[in-house]
Amino acid sequence: NYVHHAVDIRDVAALERIFQEHGADIKLIVHTAAQPSHDKAADIPFLDFEVNANGTLNMLELTRRLCPQAVFIFTSTNKVYGDTPNALPLVELETRWEVDPSHPYHANGIDERMSIDHSKHSLFGASKVAADVMAQEYGRYFGIRTGIFRGGCLTGPGHSGAQLHGFLSYLMKCAMDRRPYTIFGYKGKQVRDNIHADDLVAMFDAFHRAPRVAEVYNAGGGRFANCSMLEAIAICERITGNRMQVTLSDQNRIGDHIWYVSDLSRFKQHYPDWQPRFGIEATLIQIHDEFLARQRA
């Protein structure tokens, strides 16, 4: 029963025709459209803001006007926190940076109370902050049941990663094709949590079944699924049997996180039946197998 409409979310008139066609029959909106690269945003600042901020406003306003009872899920980003995570007390270990064991974030990761103010975000992060706060506001001000999911690294076997975004997917692609790979800064020990697309969709489904108003959740692999660049490279080499050609650049990406692991406690408290299922290695094996299938097709 899927019907596709090739519509740009900046085109409010085209969006309105779709919303008007279905009206109150619309039960759920999952808004994932975005300009996704925080590096590229500096080259296309107007396009970035028009898509991420204005496009989200278009979606929210049409929801308010034409289907206010619908559940509205917005995929935000951990880049709304800017580089504030880099001020955490970090300890350098053999293969990764890690937050100091005495810090409250050590047990479960970074929670939603971290400030999104007074930090360097990248222009992408700033446009997503605008959208994030607007989605919250449409919940608090108008009572729309909005759920804001601040994603870390979202991935899975269907991901087609590129150098500037899609970390695990692009890394596996380089490992399989014996393509040179460049690590940008932090000795390759920067840490990211990664959530499998199936686990993220399960979060969305749980929220849809029992929606709340203006809720914000960090959405990542958490302590269950995280790795450093060096650790991910080692896993890719083990899966493919190929030695990777890795170059380490001293220049880190602007506003990049040294260590980021999502605290999933708030979501688990609200939706105790949800648990992540796919760890880093299981996800990378799926990515590898999907790339092989594509090559053979």
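Look a little higher up for the structure.
Report follows, based on the coordinates. These numbers come from a predicted model, not from an experiment.

Calculation criteria
Residues numbered from 1 in each chain as written. Predicted model: local features only at pLDDT ≥ 70, side-chain atom pairs only at ≥ 80, totals over all residues. Heavy atoms only, no water. Helix = DSSP H or I, 4+ residues; strand = E, 2+ residues; numbered from the N terminus. Buried < 20%, exposed > 50% of the residue type's maximum accessible area, 1.4 Å probe, protein only. Polar contact = N/O pair within 3.5 Å; in protein donor to acceptor, adjacent residues only side chain to side chain. Contact = heavy atoms within 4.5 Å. Phe/Tyr/Trp six-rings, centres within 6.5 Å; stacked < 30°, edge-to-face > 60°. Axes fitted to C-alpha atoms, helices over the stretch in contact; angles between N-to-C directions. Parallel < 35°, antiparallel > 145°, perpendicular 65-115°, else oblique. Left-handed = near helix turned anticlockwise from the far one by under 90°. Nonpolar A, V, L, I, M, F, W, Y, C, P; charged D, E, K, R; others polar.

So, the side chain of Asn-194
Here Asn-194 lies in strand E8 (residues 191–196). Looking at Asn-194, the relative accessible area reads 4%, which means it is buried. One polar contact links the side chain of Asn-194 to the main-chain carbonyl oxygen of Arg-192, over a distance of 3.5 Å. Each residue touching Asn-194, except ones within four places of it in the same chain, is listed here: Cys-153, Thr-155, Phe-167, Leu-168, Gly-221, Ala-225, Cys-227 and Ile-280.

Some words on the packing of aromatic side chains
For the structure shown, the criterion picks out 14 aromatic pairs. Ring plane angle 75° and centroid distance 5.0 Å describe the contact between Tyr-141 and Phe-142, whose orientation is recorded as edge-to-face. Judged by relative accessible area, Tyr-141 falls into the exposed class, the value being 63%. Note on Phe-142: relative accessible area 37%, which makes it partly exposed. Measuring from centroid to centroid gives 5.0 Å for Tyr-217 and Phe-267, while their planes differ by 90°, and the two rings are edge-to-face. Here Phe-267 lies in helix H8 (residues 265–270) and Tyr-217 lies in strand E9 (residues 215–219), a separation of 50 residues in the sequence. For the pair formed by Tyr-217 and Phe-267, the shared burial category is buried.

Structural notes on the side chain of Thr-240
Within the secondary structure layout, Thr-240 lies in helix H7 (residues 229–240). At 2.8 Å, the side chain of Thr-240 and the backbone oxygen of Cys-236 are in polar contact. Within the structure, the side chain of Thr-240 is placed 3.1 Å from the backbone nitrogen of Asn-242, a separation counted as a polar contact. Residues within four places of Thr-240 in sequence aside, it is in contact with Met-172, Ala-175, Met-176 and His-288.

Some thoughts on the packing of helix H5 (residues 167–177) against H7
A packed helix pair is summarised by two numbers, namely the angle formed by the two axes and the spacing between the axes. Contact geometry of H5 with H7 gives a least axis separation of 10 Å together with a crossing angle of 45°. Between H5 and H7, the angle falls in the class oblique. Once H5 is placed against H7, the crossing between them reads as right-handed. For the pair H5 and H7, the contacting residues are Phe-167, Leu-168, Leu-171, Met-172, Ala-175 and Met-176 in the first and Met-229, Ala-232, Ile-233, Cys-236, Ile-239 and Thr-240 in the second. Here the residues of the contact of H5 with H7 sort into eleven nonpolar, one polar and no charged.

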